[in-house]
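The chain contents come next:
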Amino acid sequence: MPPVSARLPVFPWDRLEPYKATAAAHPDGIVDLSVGTPVDPVPELIRAALADASDSPGYPTVWGTAALRDALTGWVERRLGAAGVTHTQVLPVVGSKELVASLPAQLGLGPGDRVAFPRLAYPTYEVGARLAGAEPVPYDEPTELDPAGLKLLWLNSPSNPTGQVLSKDELRTAVAWARAHGVLVVSDECYLELGWEADPVSVLHPEISGGSFEGLVAVHSLSKRSNLAGYRAAFLAGDEAVLGELLKIRKHGGMMVPAPVQAATAAALGDDKHVTEQRERYERRRAALRTALAGHGFRIEHSEASLYLWATRDEPCWDTVGALAELGILVAPGEFYGAAGERHVRVAFTATDERVEAAVRRLGG
């Protein structure tokens, strides 16, 4: 039996290791801007909620506690503008990457089915399709896709890696097209609360959904907005028929968010103050890096939201990665996100203030 991993591309980050070694040799140490991993402390109220729930000897439920579901529905209504959201329209998951990688298989997709995602995209969309044995289909415009055999359409706004935000008109058009062709829309909105030059909108907003969640699922994560990447705290919201089926499958698979993490998630979603404070940190780092990169000859494209600057010097991305590594700065080559990114790099601004200041100095800022 051939290994399942044979269906998958080479894990891209392994290719970055030699450049990481070069950057790490810098006398003042590496400034790692290659991965969007949080570096700031977990807010105290979240840690307190986790600790208070730490005596949880029994199995948690896949659907989550009633308190967690109340927090999820309340946040979807308050932050995404949806109305009348019920417990059957939310579902906690063990981190958003797990969900993205396993969703096509959990939906029962396989050979003969097609999964579409943006041409420049988070590589796990393709991985999920390949793990299920479905055909991965990158697109430039979703409405230009051939709907034959298309079962799942991924949207991603704000985009990883580019930070591009889809307008309300673009979202409405994509949703209408998918509904007309019976295609499930799953919208990855994990960076929705990190808009800088645009105000990202969810597909669940009434102006996009028409007041109905039919055929729509939104993916959200607490990794970025609450510094909870280490907690694996994420959730789905949307079509109750789709979520109900996923709930049944996930019960059989024991895909349970740990009970202390459920409590921490509820606390995090009930507090907006820490999100505002974290946004302010990222906004300062973003401004400093953007100015320094521009002064170093880079052009920043899109990047109106998310935790990244999509930068280019109109040269092959690996040349850029190598040149920055010589300065002790590690960034991600755009090629990781598709061939269309071969002349760009993705620069995360998730480093500490001290490391961002070091990068700015090295760039001549």
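Residues numbered from 1 in each chain as written. Predicted model: local features only at pLDDT ≥ 70, side-chain atom pairs only at ≥ 80, totals over all residues. Heavy atoms only, no water.

We now examine the overall build of the protein. When helices and strands are counted, the protein shows 12 helices and 13 strands. If one aligns the C-alpha atoms of the protein with their principal axes, the spans along those axes are about 55 × 50 × 45 Å. Across the 365 residues that make up the protein, the buried fraction comes to 53%. Put simply, of all contacts in the protein between residues at least 6 apart along the chain, 75% involve residues at least 24 apart. For the protein, the computed accessible surface area is about 15,100 Å², with 54% contributed by carbon and sulfur atoms. Looking at the protein, you have 35 positive and 46 negative side-chain charges, and the mean spots of the two groups are 2 Å apart. (Helix = DSSP H or I, 4+ residues; strand = E, 2+ residues; numbered from the N terminus. Buried < 20%, exposed > 50% of the residue type's maximum accessible area, 1.4 Å probe, protein only. Contact = heavy atoms within 4.5 Å. Areas by Shrake-Rupley, 256 points an atom, 1.4 Å probe, with all protein chains shown as cover. Lys, Arg positive; Asp, Glu negative; His and termini not counted. Charge placed at Lys NZ, Arg CZ, Asp CG, Glu CD.)

In space, the four strands of this open sheet follow the order 9-10-13-12, with antiparallel pairing throughout. Because the sheet does not close on itself, it has two edges, and the strands there are strand 9 (299–301) and strand 12 (332–333). Judged from the four bridges that link them, strand 10 (residues 308–312) and strand 13 (residues 345–348) form a sheet pairing that is antiparallel. Counterpart to Trp 310 in the pairing with strand 13 is Arg 346. Contacting strand 9, strand 10 and strand 13, helix 10 (residues 273–295) runs over the sheet at an angle of about 5° to strand 10. (Pairing = 2+ DSSP bridges. Axes fitted to C-alpha atoms, helices over the stretch in contact; angles between N-to-C directions.)

Here we take up the packing of helix 4 (residues 96–106) against helix 8 (residues 240–253). Two numbers describe how helix 4 lies on helix 8: the axes approach to 12 Å, and their chain directions differ by 100°. Looking at the two axes, helix 4 sits roughly perpendicular to helix 8. Contact with helix 4, carried on its side by Glu 98, Leu 99, Leu 103 and Gln 106, involves Leu 246, Ile 249 and Arg 250 of helix 8 and no other residues of that element. A breakdown of the residues in the contact of helix 4 with helix 8 according to their chemical character gives four nonpolar, one polar and two charged. (Parallel < 35°, antiparallel > 145°, perpendicular 65-115°, else oblique. Nonpolar A, V, L, I, M, F, W, Y, C, P; charged D, E, K, R; others polar.)

This part covers the packing of helix 10 against helix 12 (residues 353–362). Contact pair helix 10 / helix 12: the axes reach a minimum separation of 9 Å and the direction vectors enclose 10°. Taken together, helix 10 and helix 12 sit at an angle that is classed as roughly parallel. Mapping the contact onto sequence places Arg 284, Arg 285, Ala 288, Leu 289 and Ala 292 in helix 10 and Asp 353, Val 356, Ala 359 and Val 360 in helix 12. For the contact of helix 10 with helix 12, the class distribution of residues is six nonpolar, no polar and three charged.

Of the two faces of strand 2 (residues 90–93), both are covered, the one formed by Val 90 and Pro 92 as well as the one formed by Leu 91 and Val 93. In terms of strand pairing, strand 2 meets strand 8 (residues 234–238) through four bridges, oriented antiparallel. Along strand 8, the bridge assignment pairs Pro 92 with Phe 235.

Overall, the coordinates contain 24 salt bridges when judged by the stated rule. Its salt-bridge partner being Glu 135, residue Arg 114 comes within 3.7 Å of it at the nearest N-O pair. Of this pair, Arg 114 sits in strand 3 (residues 114–118) while Glu 135 sits in strand 4 (residues 135–139); the two residues are 21 residues apart in sequence, bridging distant segments of the chain. Each of Asp 28, Glu 354, Arg 355, Arg 361 and Arg 362 takes part in salt bridges that share partners, so that together they form one network. (Salt bridge = Lys/Arg side-chain N within 4 Å of Asp/Glu carboxyl O.)

Note that Thr 320 resides in helix 11 (residues 317–326). A relative accessible area of 2% places Thr 320 in the buried class. One polar contact links Thr 320 to Glu 315, side chain to side chain, over a distance of 2.7 Å. Beyond its immediate chain neighbours, meaning those up to four positions away, Thr 320 contacts Phe 298, Arg 313, Glu 315 and Val 345. (Polar contact = N/O pair within 3.5 Å; in protein donor to acceptor, adjacent residues only side chain to side chain.)

This next bit is on the packing of aromatic side chains. For any pair of aromatic rings, the description rests on two quantities: the centre-to-centre distance and the angle between the ring planes. Within this structure, the stated rule accounts for nine aromatic pairs. Ring geometry for Trp 318 against Phe 336: centres 5.8 Å apart, planes inclined by 70°, an arrangement best described as edge-to-face. In this pair, Trp 318 sits in helix 11 while Phe 336 sits in the loop between strand 12 and strand 13, placing the two residues 18 residues apart along the sequence. With relative accessibility at 8%, the residue Phe 336 sits in the buried group. Of the aromatic side chains, those joined through ring pairs into one cluster are Trp 13, Tyr 19, Trp 318 and Phe 336. The residue whose ring lies beneath Arg 69 is Trp 63, and the NZ or CZ to ring-centre distance is 3.8 Å. Its guanidinium or amino end placed over the ring of Tyr 308, Arg 346 lies 3.8 Å from that ring's centre, counting from NZ or CZ. (Phe/Tyr/Trp six-rings, centres within 6.5 Å; stacked < 30°, edge-to-face > 60°. Lys NZ or Arg CZ within 6 Å of the ring centre and 35° of its normal.)

With an omega of -5°, the peptide bond between Ser 157 and Pro 158 qualifies as cis. Positive phi outside glycine occurs at Asn 227, with the angle close to 60°. Tracing the backbone through its elements, the reader meets Asn 227 in the loop between strand 7 (216–221) and strand 8. Asn 227 gets classed as buried once you look at its relative accessible area, which sits at 7%.

Next up on the list: the sheet that holds strand 6 (residues 184–188). Read across the sheet, seven strands follow the order 2-8-7-6-5-3-4 without closing on themselves; strand pairing throughout is mixed. Taken across any chain shown, the strands that pair with only one partner, and hence form the sheet edges, are strand 2 and strand 4. The average angle at which neighbouring strand axes cross in this sheet is 20°, direction not considered. The strands that helix 3 (residues 66–80) touches are strand 2, strand 7 and strand 8; relative to strand 2, the one it contacts most, it runs at about 110°. Where helix 6 (residues 168–180) meets the sheet, its contacts fall on strand 5 (150–156), strand 6 and strand 7, and the angle it forms with strand 5 comes to roughly 170°.

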